[in-house]
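These are the residues of each chain, in order.
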Amino acid sequence: MDLKGRFARYSEFGFYLNCMLPFRIEKIYLDEKAEKDWVTQSLLRSLPGVPVERVEDKRNLIKQSLHIADPIGMGKRNLLVTHFYGRRLKPCPGTSRHICCGYHVINAVTNCTMDCSYCVLQGYLNNPFLTFYSNWDDLLREIEDFLSMKRNPLSRLGTGELSDSLALESIFPVSQFLIPFFAGRENGLLELKTKSAMVDPILHLDHRGKTIVSWSLNPPGVIREEERNTASLEERIGAAEQCQRKGYPLGFHFDPMFDYPGWEEGYREVVQSIFERIDPKGVIWISLGGFRYPPKLRAIAKDRFPDTRIFSGELFPGRDGKFRYLKEIRTEMYRKMVEWLREVDSGLFIYLCMESREVWEDAFGWAPENSSHLNYLFEERVKRFL
Amino acid sequence: MKYEQLEGGGSLCLRIETKNGEETKPQVGEKSFASSLPPQTSNVTTGMADMKMIQEIPLHQIDLLDETFSVNFMPDLRSLRSSIREIGLIQPVLLRKRKGAFQIICGFRRISILRELGNDKLPAMVFEERERDDLHLFIVCLHENMMARGFHAVEKAIALEKLIDYFDVDRSVIIQSYLPLFSLEPNEKILSTYLSLARMEEDTRRYVLREEVSRSNIRILSALAPDDRIALIPFLSSLKLGENRLREVLTILDEICRRDRVGLKEMIHRTEIQAILSREELTPVQKTERLKRVLMDLRYPKMKTLEEGFEKMRKALHLPAGVSLNHSPYFEGRELEIDFQFQSMEEYRSFVSSLSSLADKKEFEEMIQGSRIRSTKFEIRNNLK
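Model, not experiment: these values are computed from the prediction. (Residues numbered from 1 in each chain as written. Chains lettered and ligands numbered in written order. Predicted model: local features only at pLDDT ≥ 70, side-chain atom pairs only at ≥ 80, totals over all residues. Heavy atoms only, no water.)

Secondary structure assignment for chain B yields 18 helices and 10 strands. The buried share of chain B, reckoned over its 385 residues, is 44%. Long-range pairs, those at least 24 residues apart, make up 66% of the contacts in chain B between residues at least 6 apart in sequence. (Helix = DSSP H or I, 4+ residues; strand = E, 2+ residues; numbered from the N terminus. Buried < 20%, exposed > 50% of the residue type's maximum accessible area, 1.4 Å probe, protein only. Contact = heavy atoms within 4.5 Å.)

Given below as structure tokens:
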């Protein structure tokens, strides 16, 4: 079935699925330029009853929205359908003077209905609306062109940087398009990163091992207090278990990790909970990353979440200007996590996200030479795993 | 424009002139302000077109307990008092007939001073009981005060709260039309800040006014429980805190309380904090400095341990005077930095000689190897390699 047919079939069920979600779309702002796209038409059919306002100038809409009390909160309930001009497939920006993994980011959707107090998007996006870009054919062509250039033996691409990869699947079946698309690509690997448990729509797909479904995890207390509108830990692990049964390689991201009284017990229990239900041999990678934030996030997050405790740790400005836990704290967290994970399976592939060479060495006793070296290690890991 | 008293029929009337001398209908405010008023206040300018006769009203007939239209908070009456003493009342007060007495619309301070000075009557312009609705009169009061003296932060807060709670004006109208009146940016956050100030305890509001606390610090104070604020104000008042230092102290206290899940009251009653506050020989500035050190140590205990450990090792090196040895910012890197300045070759040779002897010192080697030693202690084989 082609994309249009798949979307049309899907739209019939969209409304019912939408009713089951922990969020509601209150209004759709439809950019006139996107009005005639087949993706837009299918999208509107999947959200019957949601008021639609046609927008001539989206810049004006965005500008006006920034004057209300909580534009970020408003943006999560209001959908803007528009075109994306420019490149939608970009190298992960990473962070300067740290080792990064060479991931590529697909911008299919920006923003998210989940509301994590630590979310960097709160200070990063200049458009607060949940935004769906309807020029889908352009995106798929761009991915196709990128992979056909074969710049790397294996490229890792993901949709979970500027949104959650699965939370919106009932409204935008993005992953349902991308999974079959990547199944046929030799040198491309898709990673879906999520905090949801919305895996039903993807379980039946023929992924051929070319899509990794991964979950960002935290102890239940942190999820409850800091990750609003997300699935519980139990639900996330349950969803991972379902995906593993269907042969999907899994990934887990302990990122961001928080330092709080009792963190050791909290994270150790998460590790135990995962591997009570998940076979570690089916886990392709696990990342660790301490909570870090750009300076401007603090005021925004404190304003939106007055009760948040995320800034209570010993956080100081790092070499890239972002605040991080004291190095001693980070390395201690990483060492312990590595120890607990190795107890489960000594063969687990564990890496650090946006960390310095010193921290790698302190945590593991060695470090990748640079970001390219880490990328190479990923390629080797995938070869061995698949 | 100017006010002038005219004789006529045994009473006084009010005439308002524009700058070019042309007589015009009385206005209650500048054009830019009036034009910004919302629909529910749009009749203010036309309403005031009717001149009010100035009447002599006995003070005892004025209901001094009715503060419906008052936004006063800690009024400074000194200059007004000396002015009235010297030349008398220039501008008549505004009153409304109400239940056989007179309700004060505008002029609470003037009436208070006239009473204090022993006057038994005063010139006033009087509205009939049902002539105008309450909101209209409140707006008149706001305009008159704004033109005459302006409002401080707490008075703005009280006025905005009255508009919402008593006069039932819609929040969006207040944001768009009234916040600009008070020279405030028209947004919800500003309105919420002022409303939270209006609802704070009297002592907190006094502190905000006295110390000219900024809006961002008002927001921090407003996030606290009333009991915590009540405990906090005497504590803050005993210190010398500028704007940034106040924010720093409030933020650190808040973050320690959140981390340790303790109440603010409990926190400021800690022995080490009370020990500083109780030392009467210390000035507020000295108390503030010492308190900041204590709070920083409580807030960043691991950093404190690292700093102390580094300092201990640094002292053990017995570095010559003029040489400083520093760790990387926040201990993020492993690098050490030695800094010295010299003016002569002799001085330079002396420094270099002292520094080269550092290589023989065990403590110096430990400082350099410190983090590497720690990492090998926990060395873990990683399959990535």
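Now that the structure has been shown, the text picks up again.
The next thing to look at is the interface of chain A and chain B. Facing 45 residues of chain A, the contacting portion of chain B comprises 33 residues. Roughly 3500 Å² of surface becomes buried between chain A and chain B when both sides are summed, with 50% attributable to carbon and sulfur atoms. Of all residues in chain A, the largest losses of buried area upon contact with chain B belong to Ser312, Glu314 and Trp366 of chain A, amounting jointly to 16% of the total for that side. Counting across the chain A and chain B interface gives nine salt bridges. Close ionic contact of aspartate 303 of chain A with lysine 189 of chain B constitutes a salt bridge, the shortest N to O distance being 3.4 Å. At the junction of chain A with chain B, the criterion picks out 17 residue pairs in polar contact (both at pLDDT 80 or more). (Buried area = accessible area lost by both parts, 1.4 Å probe. Salt bridge = Lys/Arg side-chain N within 4 Å of Asp/Glu carboxyl O. Polar contact = N/O pair within 3.5 Å; in protein donor to acceptor, adjacent residues only side chain to side chain.)

Another aspect to go through is the sheet that holds strand 13 (residues 250-257) of chain A. Consider a sheet: its strands pair through backbone hydrogen bonds, and that pairing is either parallel or antiparallel. Residues and elements named next belong to chain A. The sheet built from eight strands is open, its strands ordered 4-5-9-10-11-13-14-18 with mixed pairing. Of all the strands in the sheet, just strand 4 (89-91) and strand 18 (350-352) have a single pairing partner and so form its edges. Neighbour-to-neighbour, the strand axes of this sheet turn through a mean angle of 25°, independent of strand direction. The strands touched by helix 11 (residues 263-277) are strand 13 and strand 14 (283-290); relative to strand 13, the strand with the most contacts, the crossing angle is about 170°. Of the strands in this sheet, strand 9 (155-158), strand 10 (188-194), strand 14 and strand 18 touch helix 15 (residues 371-385), which is tilted by about 150° from strand 14. (Pairing = 2+ DSSP bridges. Axes fitted to C-alpha atoms, helices over the stretch in contact; angles between N-to-C directions.)

Below, the discussion takes up the pattern of salt bridges. In the structure shown here, the tally under the stated rule is 61 salt bridges over all chains. Arginine 236 of chain A is the partner of glutamate 227 of chain A in a salt bridge, and the nearest nitrogen-oxygen pair spans 2.7 Å. Relative accessible area serves as the criterion here: at 0%, arginine 236 of chain A is assigned to the buried category. Among the charged side chains, a salt-bridge network with shared partners connects Lys327, Arg357, Glu361 and Asp362 of chain A together with Arg334 of chain B.

The next point concerns empty space enclosed by the protein. Here the idea is plain: a probe the size of a water molecule rolls over the atoms and shows the empty space left. All names here are of chain A. Counted under the stated rule, the structure contains four cavities of 30 Å³ or more. Quantified by volume, the largest cavity comes out at close to 90 Å³. Taken together, Ala108, Val109, Thr159, Ser163, Asp164, Ser165, Leu168, Glu169, Phe172 and Val174 form the lining of the largest cavity. When the residues that make up the lining of the largest cavity are grouped by side-chain class, the tally is five nonpolar, three polar and two charged. (1 Å grid on protein atoms, 1.4 Å probe; cavity = no way out; pocket = protein on both sides within 12 Å on 5 of 7 lines; lining within 4 Å. Points joined across faces, edges and corners; volume = space filled by probe spheres on them. Nonpolar A, V, L, I, M, F, W, Y, C, P; charged D, E, K, R; others polar.)

This brings us to unusual backbone geometry. Cis geometry is adopted by the peptide bond preceding proline 256 of chain A, which originates at aspartate 255 of chain A and carries an omega value of 5°. Along the chain, proline 256 of chain A turns up in strand 13. You will see that methionine 74 of chain B, though not glycine, has its phi angle at about 45°, which is positive. Here methionine 74 of chain B is to be found in the loop between strand 5 (62-63) and helix 3 (78-87). On the basis of relative accessibility, which here comes to 34%, the residue methionine 74 of chain B falls in the partly exposed class.

Attention now moves to the side chain of threonine 68 of chain B. All names here are of chain B. Tracing the chain through its elements places threonine 68 in the loop between strand 5 and helix 3. Among the residues examined, threonine 68 registers a relative accessible area of 14% and is labelled buried. A polar atom in the side chain of threonine 68 sits 2.5 Å from the side chain of aspartate 66. Apart from the residues within four sequence positions on either side, threonine 68 is in contact with Gln103, Lys162, Tyr166 and Phe167.

We now examine the side chain of glutamate 355 of chain A. Residue and element names in this part refer to chain A. Locating glutamate 355 in the fold gives a position in the loop between strand 18 and helix 14 (357-364). In terms of polar contacts, glutamate 355 uses its side chain to reach the side chain of arginine 330, at 2.8 Å. Here glutamate 355 is in contact with His98, Ile99, Arg324, Arg330, Tyr334 and Trp360, once residues within four sequence places are set aside.

All names here are of chain B. Closest axis-to-axis distance for the helix 9 (residues 202-210)/helix 11 (residues 226-237) pair is 9 Å, and the angle between their directions is 35°. Once helix 9 is placed against helix 11, the crossing between them reads as left-handed. On helix 11, the residues that touch Asp203, Thr204, Tyr207 and Arg210 of helix 9 are Arg229, Ile233, Leu236 and Ser237. Of the residues assigned to the contact of helix 9 with helix 11, the class counts are three nonpolar, two polar and three charged. (Left-handed = near helix turned anticlockwise from the far one by under 90°.)

Read these as layout, nothing more, since geometry by itself doesn't imply function.
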